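# Close look at the chain arrangement
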Amino acid sequence: MSAVAPEPIGFIGLGIMGDGMARQLIGTGKRKLVIWNRTPAKPEKLLMDAGADHITVAETPAEVIAACEITYVMLSTPEACKEVYEMEGGILDGVVAGKCVVDCATLAVEDMQRLSTQVIAKGGQFLEAPVSGSKGPAAQGQLIFLCGGDEALYAKCAKELDAMGKAKFFFGAVGAGTRMKLCVNMVRGGLSRLARIATYGH
């Protein structure tokens, strides 16, 4: 009796971070993806590199959500997030009961909480999972995920988070992961300044 192939994973946002994360899901995670990006060049490049056996390019974010139980979202700015969630054919148009959204963007706490409320109001599940790391770690599967929200969803997507990162942590309600990410950024910024002072004296 042959094993049932796992459902495809959705991925929305193939920018500096998202492209590497999606490639890790394909390569390390051995998952098929349904993808969407605001500009078509990135999906076309990923499709060319990975092949049609591993990638389906959707026409809208709602189509990605409809095709997948779990969709990862990695958009660059709060404005981009609001647009892609709320536009016609956007993420929220695809969310119904049983659909799960894992948002990996770095946003303000209130922005992440708003997205969570919107997804849950449509019957979906939501997990915030902002990352510590940049383009290189994303391409190498070395990100750290700082999560908050639906703990059952956190457990459900553990294998995918492990494929994209070297560590993952769950901090509680939506907003807790984002607060931790902001703290990490502050500490890194302070250490960088100390190193600069030690080297250059200013």
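Residues numbered from 1 in each chain as written. Predicted model: local features only at pLDDT ≥ 70, side-chain atom pairs only at ≥ 80, totals over all residues. Heavy atoms only, no water.

## Focus: the packing of helix α4 (residues 78–86) against helix α6 (residues 109–121)
Between two packed helices, both the angle of their axes relative to each other and the distance between the axes serve to describe the pair. The interhelical angle for the contact between α4 and α6, taken along N-to-C directions, is 10 degrees, at an axis separation of 11 Å. In terms of orientation, α4 and α6 fall into the roughly parallel class. Of α6, the residues touching α4 (which contributes P78, K82, Y85 and E86) are D111, R114, L115, Q118 and V119. Partitioning the contact of α4 with α6 into residue classes produces four nonpolar, one polar and four charged. (Axes fitted to C-alpha atoms, helices over the stretch in contact; angles between N-to-C directions. Helix = DSSP H or I, 4+ residues; strand = E, 2+ residues; numbered from the N terminus. Parallel < 35°, antiparallel > 145°, perpendicular 65-115°, else oblique. Contact = heavy atoms within 4.5 Å. Nonpolar A, V, L, I, M, F, W, Y, C, P; charged D, E, K, R; others polar.)

## Remarks on the pairing of strand β5 (residues 100–103)
Alternating positions in β5 separate into two faces, C100 and V102 on one and V101 and D103 on the other, with burial throughout. Judged from the four bridges that link them, strand β4 (residues 70–73) and β5 form a sheet pairing that is parallel. By the bridge assignment for β5, T71 is matched with V101. Pairing between β5 and strand β6 (residues 125–128): four bridges, direction parallel. Across the sheet, the residue bridging to D103 is E128, located in β6. For the segment spanning β5, α6 and β6, crossover handedness is right-handed. (Buried < 20%, exposed > 50% of the residue type's maximum accessible area, 1.4 Å probe, protein only. Pairing = 2+ DSSP bridges. Right-handed = clockwise from strand over helix to strand, strands pointing away.)

## Regarding the pattern of salt bridges
Per the counting criterion, the structure on display carries ten salt bridges. Close ionic contact of R38 with E83 constitutes a salt bridge, the shortest N to O distance being 3.9 Å. Of the two residues, R38 is situated in the loop between β2 (33–36) and α2 (41–50) and E83 in helix α4; the sequence distance between them amounts to 45 residues. Take E83: its relative accessible area is 42%, and that puts it in the partly exposed class. When the shortest N-O distance is used, the salt bridge between E86 and K82 registers 3.0 Å. One end of the pair, E86, and the other, K82, are both in helix α4, four residues apart, so they sit about a helical turn from each other. For K82, a relative accessible area of 40% puts it in the partly exposed group. What you see here is one network of salt bridges that share partners, running through D19, R23, K45 and D49. (Salt bridge = Lys/Arg side-chain N within 4 Å of Asp/Glu carboxyl O.)

## Thoughts on the pairing of β2
Each regular strand displays side chains that alternate between the two surfaces of the sheet. A two-sided burial pattern is seen for β2, the buried positions comprising L33 and I35 on one face and V34 and W36 on the other. In this view, the connection linking strand β1 (residues 9–12) to its parallel neighbour β2 by way of helix α1 (residues 18–27) has right-handed handedness. Examined bridge by bridge, β2 and strand β3 (residues 55–57) share three bridges and lie parallel to one another. The partner of V34 across the bridge, within β3, is T56. Each parallel crossover has a hand, and the one from β2 via α2 to β3 is right-handed.

Any functional reading would require information beyond the geometric quantities listed.
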